[in-house]
Amino acid sequence: MMKTVITRYTEPETIILDPFMGSGTTGVACAKTGRSFIGIELDPDYFDIACRRIQEAYAQPDMFIEPKAPAPKQDAFI
């Protein structure tokens, strides 16, 4: 459900803020739809669960969403 809400009401370049992150459902939906995500959770147990779920979602990207290009990196000439 969150994936549908996020894709319908936000643009791909927006940052989604979830001040009550819980188990990370919104973060997972953001990972699957290519949105950036900021989550806030007071309970350390739920925070750990959410972090694990979001990391797993990024590890298994949606094959229909183009991955973002890596950020440009400037190396020294020396």
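Residues numbered from 1 in each chain as written. Predicted model: local features only at pLDDT ≥ 70, side-chain atom pairs only at ≥ 80, totals over all residues. Heavy atoms only, no water.

A. Main features of the overall build of the chain. Check the secondary structure of the chain and you find three helices and two strands. Each helix and strand of the chain, placed in order from N terminus to C terminus, yields the pattern α-β-α-β-α. By the burial criterion, 24% of the 78 residues in the chain qualify as buried. Accessible area for the chain stands at about 6,300 Å²; split by element, carbon and sulfur atoms hold 61% of it. (Helix = DSSP H or I, 4+ residues; strand = E, 2+ residues; numbered from the N terminus. Buried < 20%, exposed > 50% of the residue type's maximum accessible area, 1.4 Å probe, protein only. Areas by Shrake-Rupley, 256 points an atom, 1.4 Å probe, with all protein chains shown as cover.)

B. Here's a closer look at the packing of helix α2 (residues 25–33) against helix α3 (residues 44–59). Following both chains from N to C, one finds α2 and α3 inclined at 15°, their axes separated by 9 Å at the closest point. Taken together, α2 and α3 sit at an angle that is classed as roughly parallel. The element α2 and its partner α3 pack so that their crossing is right-handed. In this structure, α2 uses Thr25, Gly27, Val28, Ala31 and Lys32 to contact α3, whose residues at the interface are Arg53, Ile54, Ala57 and Tyr58. Classifying every residue of the contact of α2 with α3 by side-chain character gives five nonpolar, two polar and two charged. (Axes fitted to C-alpha atoms, helices over the stretch in contact; angles between N-to-C directions. Parallel < 35°, antiparallel > 145°, perpendicular 65-115°, else oblique. Left-handed = near helix turned anticlockwise from the far one by under 90°. Contact = heavy atoms within 4.5 Å. Nonpolar A, V, L, I, M, F, W, Y, C, P; charged D, E, K, R; others polar.)

C. Spatial organisation of the environment of cysteine 51. Within the secondary structure, cysteine 51 is located in helix α3. Along the primary structure cysteine 51 and serine 23 are separated by 28 residues, whereas in three dimensions their C-alpha atoms are 8.3 Å apart.

D. Here's a closer look at the nonpolar core. Membership of the largest hydrophobic core is limited to 11 residues, which are Ile6, Ile16, Met21, Val28, Ala29, Cys30, Ala31, Phe37, Ala50, Ile54 and Ala57. Of all the secondary structure elements, the ones that give two or more residues to this core are α2 and α3. Sort the elements by how many residues they give to this core and α2 lands first, with four residues. Once residues lying within four places of it in the same chain are set aside, the contact partners of isoleucine 54 are Met21, Gly24, Gly27, Val28 and Phe37. (Core = buried A, V, L, I, M, F, W, Y, C linked by side-chain atoms within 4.5 Å.)

E. Just the environment of threonine 33, in detail. Locating threonine 33 in the fold gives a position in helix α2. Each C-alpha atom, one on threonine 33 and one on threonine 7, is 7.0 Å from the other, the two residues being 26 residues apart in sequence.

F. Expanded view of α3. Here α3 is 16 residues long and its end C-alpha atoms lie 22 Å apart, about the 22 Å a rise of 1.5 Å per residue gives. Taken residue by residue, α3 has Ala50, Ile54 and Ala57 as its buried positions. Looking straight down α3, one finds that the buried residues subtend no more than 55° of arc, so they occupy a single side. Turned more than 90 degrees away from the buried face of α3, the exposed residues are Pro44, Asp45, Gln55 and Ala59. On the buried face of α3, the contacting elements are α2 and β2 (36–39). Its side-chain oxygen 2.9 Å from the backbone nitrogen of aspartate 45, aspartate 43 forms the N-cap of α3. (Expected span 1.5 Å × (residues − 1). Arc of directions from axis to C-beta. Polar contact = N/O pair within 3.5 Å; in protein donor to acceptor, adjacent residues only side chain to side chain.)

Everything listed is a geometric property; what it means functionally is a separate question.
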